[in-house]
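Architecture at a glance
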Amino acid sequence: MHTSNRPAQRLLWAQTALNDPALALESASADASFRSYWRGCSDGRTWIVMDAPPDKEDILPWLQMAKRLTDAGLNAPFVHGVDADNGFVLMSDLGTRLFLPELTDESVDGLYSQALDALLRMQTRVPSTDLPAYDEARLVAEMELMPTWFFQRHLGFNPECEQWDIIESAFRALVNNANRQTACFVHRDYHSRNLLISGSGDPGILDFQDAVHGPMTYDLVSILRDCYIAWPEARVQGWV
C-alpha cells in the first residue's frame, strides 16, 4: 500500500467496518512508534482506528496483549475489527482524559488507588509465563541507556574506570533484586501518560504491546517513580 494513499485507505476501511459511509476521522494521538490513532463518531458512539503500516509495525503483539487484558477484565481497548494485512484495527474508545494532566495533591490518592487496583489485577489475572523473560540481559541492556545517553550524550561526561565500577555494581544490585522477586505480567510502561480516567473508576490502559514476564515491582516503580511527575517520599511510601 502506497503511503500517499494511506489516509484514504484508512477511512474507507473504517467506513466499511462500521457500515457508515458518512464516517469521518480526526487525529486522536500518535505514540513513539509508527502507529497512529484516529477517532470517529458513528451512530452516536466514538471509535478509535489504529493505523500501523505493516512494513514498519507488527500489530500482532498489540492484538495479543489487548486480548489478554480484556479477557482478564481489565479496561484495555476492545477490538471490534482487524485488517492485519494492511495494519488497521477498529477498537473501543477509552476517552481522552489521561491521568497526568489531572493529577493534583487532591486527586492523586483516588487515581493512584484505581491504578494500583488495576495493577494488582493485571499481575494476578493476566497469564505471562509464555512472554519474553525480563531477564538479566534485557535489564542490563536497558540500564545501560543511562550512562550512554544521560552521562555521555547529554552531559558529555565519560566515567573513568573506578566510576564504571560503581555504576556496574549498582546495576548488579538491581539485577539481583529483580531476580529474587516473584515474576508476573509486566506492562513495562505503566505510568500517568498511559492511563486514562474512566467513569467506571477502572482506568483505561494503553501502550501494553511490549509486555514481558518479570519482577513484580517493575510496574509499581514505573507509576510511583513516574518520570513525568514526582511526589513527596512519604506519599510514595504510603502508596507502596
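Here the structure is shown first, and the text comes after it.
First things first, this report covers the structure right here in the doc. Since the structure is predicted, the reported quantities are computational estimates derived from the model, not experimental observations.

A look at the pattern of salt bridges
Opposite charge on two side chains lets them pair, provided their charged atoms get close. Here the structure, examined in full by the defined rule, presents 15 salt bridges. In this structure, Glu57 and Arg35 form a salt bridge, with 3.0 Å as the shortest nitrogen-oxygen distance. With Glu57 in the loop between strand S3 (45-51) and helix H2 (60-71) and Arg35 in the loop between strand S1 (26-30) and strand S2 (36-42), this pair connects stretches of sequence that are 22 residues apart. Both residues of the pair, Glu57 and Arg35, count as buried. Among the charged side chains, a salt-bridge network with shared partners connects Arg6, Arg10 and Asp51.

Topic: the environment of Pro159
Here Pro159 is to be found in the loop between helix H6 (145-154) and helix H7 (161-180). For the pair formed by Pro159 and Pro147, sequence separation is 12 residues and the distance between their alpha carbons is 8.3 Å. Among residues more than four places away in sequence, those in contact with Pro159 are Phe151, Gln152, Trp164 and Ile167.

Structural notes on the packing of H6 against H7
When two helices pack together, you describe them by how their axes are tilted relative to each other and by the distance separating the axes. At a closest axis distance of 12 Å, the pairing of H6 and H7 adopts a crossing angle of 145°. As for the relative orientation of H6 and H7, their crossing is right-handed in sense. Note on element contacts: H7 touches H6 through Trp164, Ile167 and Phe171, opposite Met146, Pro147, Phe151 and Gln152. By residue class, the composition of the contact of H6 with H7 is 6 nonpolar, 1 polar and no charged.

With respect to the packing of helix H5 (residues 136-143) against H6
The geometry of H5 relative to H6 is characterised by a closest axis approach of 4 Å and an angle of 0° between their N-to-C directions. In terms of orientation, H5 lies roughly parallel with respect to H6. Residues Ala141, Glu142 and Met143 of H5 form the contact with H6, whose own contacting residues are Leu145, Met146 and Pro147. Residues of the contact of H5 with H6, tallied by class, amount to 5 nonpolar, no polar and 1 charged.

Remarks on a nonpolar patch on the surface
A contiguous nonpolar surface patch, about 360 Å² in accessible area, is contributed by Met146, Phe150, Leu155 and Phe157. Checked against the element boundaries, Leu155 lands in the loop between H6 and H7.

Section: the nonpolar core
Core analysis: the biggest nonpolar cluster contains 40 residues, and Trp62, Leu69, Tyr112 and Met122 have the highest contact counts within it. Of all elements in the fold, only S3, H2, strand S5 (88-92), helix H4 (108-125), helix H8 (218-224) and helix H9 (233-239) reach the threshold of two or more residues within this core. Element by element, the count of residues in this core is highest for H4, at 8 residues. Sequence-distant contacts of Tyr112, that is, excluding residues within four places in its chain, are made with Leu103, Ile223, Leu224, Ile229, Trp231 and Trp239. Counting 10 residues, the second largest nonpolar core, distinct from the first, contains Met143, Phe171, Val175 and Val212.

Focus on H2
Over its 12 residues, H2 runs 16 Å from end to end, which matches the ideal 16 Å to within 8%, given 1.5 Å per residue. Of all the positions in H2, only Trp62, Leu63, Met65, Ala66, Arg68 and Leu69 are classed as buried. Residue Gly73 follows H2 closely and has a positive phi angle near 85°.

Regarding the packing of aromatic side chains
Per the stated rule, a full pass over the model turns up 8 aromatic pairs. Between Phe150 and Phe151 the ring centres are 5.8 Å apart and the planes differ by 40°, which places this aromatic pair in the tilted class. A ring pair is formed by Trp231 and Trp239, whose centres lie 6.0 Å apart and whose planes are at 90°; its orientation type is edge-to-face. Grouping residues by exposure puts Trp231 and Trp239 together as buried.

Cut-offs applied
Residues numbered from 1 in each chain as written. Predicted model: local features only at pLDDT ≥ 70, side-chain atom pairs only at ≥ 80, totals over all residues. Heavy atoms only, no water. Salt bridge = Lys/Arg side-chain N within 4 Å of Asp/Glu carboxyl O. Helix = DSSP H or I, 4+ residues; strand = E, 2+ residues; numbered from the N terminus. Buried < 20%, exposed > 50% of the residue type's maximum accessible area, 1.4 Å probe, protein only. Contact = heavy atoms within 4.5 Å. Axes fitted to C-alpha atoms, helices over the stretch in contact; angles between N-to-C directions. Left-handed = near helix turned anticlockwise from the far one by under 90°. Nonpolar A, V, L, I, M, F, W, Y, C, P; charged D, E, K, R; others polar. Parallel < 35°, antiparallel > 145°, perpendicular 65-115°, else oblique. Patch = residues over 30% accessible without salt bridge, like charges linked within 9 Å, V, L, I, M, F, W, Y side chains within 5 Å. Areas by Shrake-Rupley, 256 points an atom, 1.4 Å probe, with all protein chains shown as cover. Core = buried A, V, L, I, M, F, W, Y, C linked by side-chain atoms within 4.5 Å. Expected span 1.5 Å × (residues − 1). Phe/Tyr/Trp six-rings, centres within 6.5 Å; stacked < 30°, edge-to-face > 60°.

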